[in-house]
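Chain by chain, the residues run as shown.
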Amino acid sequence: MKVAKDTVVQFHYVLKTEQGDVIEDSSKGDPLALLFGHKNMIQGVEDALLDKEAGDKFTVTVTPENGYGEYIEEAIQRVPAKHLQGASNWKPGMVAVVNTEQGQRQVTVLKVGKFMVTVDTNHPLAGQTLVFDIDIKNVREASEEEVSHGHAHGVGGHQH
């Protein structure tokens with residue numbers, strides 16, 4: 001079966017910088033389960049998965065516009081420290097979660113004051129060209145429930 005809209009593709013990936021430094025490697029856990037065609041993955045990876053099948057191994061290079069976006073200088077903001085979630089003692093370089101009108105968002109702490117924290121709201125990988133080594137383990141039809149929920153269920157997907 002080929003990867004297409006409303007299929008669930010399970011795959012391992014190694015995410016690297018353009019220079020070859022490994023950022024993430026999924027091979028030590030369960031494969032990622034992705035409901036294909038529902039914008040659950042960056043565009044560059046989703047485009048590369050289309051029409052592939054179990055057993056396919058390939059590498060895709062993803063530019064910022066098809067990945068996590070260009071780096072935006074204006075995305076640096078000062079926010080009250082009480083709005084940061086994930087730790088109680090913040091230090092520069094740490095990643096926090098904040099609730100925004102668009103939902104939860106990861107931010108990177110740049111500077112910590114007594115009440116206010118300067119954060120970078122760009123995705124930590126914004127502005128970077130990324131390399132994904134992908135190893136497809138399985139492709140199956142999505143269930144009606146998965147399609148209606150908009151994500152894959154079970155191991156490597158969303159556990160309800």
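Coordinates for the structure precede this section.
Cut-off values and rules
Residues numbered from 1 in each chain as written. Predicted model: local features only at pLDDT ≥ 70, side-chain atom pairs only at ≥ 80, totals over all residues. Heavy atoms only, no water. Pairing = 2+ DSSP bridges. Helix = DSSP H or I, 4+ residues; strand = E, 2+ residues; numbered from the N terminus. Patch = residues over 30% accessible without salt bridge, like charges linked within 9 Å, V, L, I, M, F, W, Y side chains within 5 Å. Areas by Shrake-Rupley, 256 points an atom, 1.4 Å probe, with all protein chains shown as cover. Salt bridge = Lys/Arg side-chain N within 4 Å of Asp/Glu carboxyl O. Buried < 20%, exposed > 50% of the residue type's maximum accessible area, 1.4 Å probe, protein only. Core = buried A, V, L, I, M, F, W, Y, C linked by side-chain atoms within 4.5 Å. Contact = heavy atoms within 4.5 Å.

(A) Structural detail: the pairing of strand 6 (residues 95–100). Across six bridges, the pairing between strand 6 and strand 7 (residues 103–112) is antiparallel. Each residue of the ladder has a partner; that of Ala96, found in strand 7, is Val107. The antiparallel hairpin formed by strand 6 and strand 7 contains two residues in its connecting segment.

(B) Here's a closer look at a nonpolar patch on the surface. Residues Tyr71, Ile76 and Leu110 make up a contiguous nonpolar surface patch of roughly 240 Å² in combined accessible area. With respect to the helices and strands, Ile76 occurs in strand 5 (residues 76–80). Residue classification places Ile76 among the partly exposed positions, given a relative accessible area of 35%.

(C) Layout of the nonpolar core. In this structure, Val9, Phe11, Leu49, Phe132, Ile134 and Ile136 are the most contacted members of the largest nonpolar core, which totals 20 residues. For this core, the secondary-structure elements that each account for two or more residues are strand 1 (7–17), helix 1 (43–49), strand 4 (57–62) and strand 9 (130–141). Every residue in contact with Phe132, bar those within four places of it in the chain, is listed here: Tyr13, Val14, Leu15, Ile42, Val45, Phe58, Thr59, Val60 and Val62.

(D) Examining the pattern of salt bridges more closely. This structure, assessed with the given rule, holds four salt bridges. Of the charged contacts in the structure, one is a salt bridge between Lys2 and Glu53, with a shortest N-O distance of 3.5 Å. Residue Lys2 is found in the segment before strand 1, and its partner Glu53 is found in the loop between helix 1 and strand 4; the two are separated by 51 residues along the sequence. We classify Lys2 as partly exposed; its relative accessible area is 44%. On the basis of relative accessible area, Glu53 is assigned to the partly exposed category, the value being 31%. Between Glu146 and Arg140 there is a salt bridge whose closest N-O contact spans 2.9 Å. For Glu146, a relative accessible area of 2% puts it in the buried group.

(E) Seen up close, unusual backbone geometry. For Lys39, which is not glycine, the phi dihedral falls at a positive 55 degrees. Overall, Lys39 belongs to the exposed group, its relative accessible area being 70%. The residue Asp51 is not glycine, and still its phi comes out positive at about 70 degrees. Looking at the element boundaries, Asp51 is found in the loop between helix 1 and strand 4.

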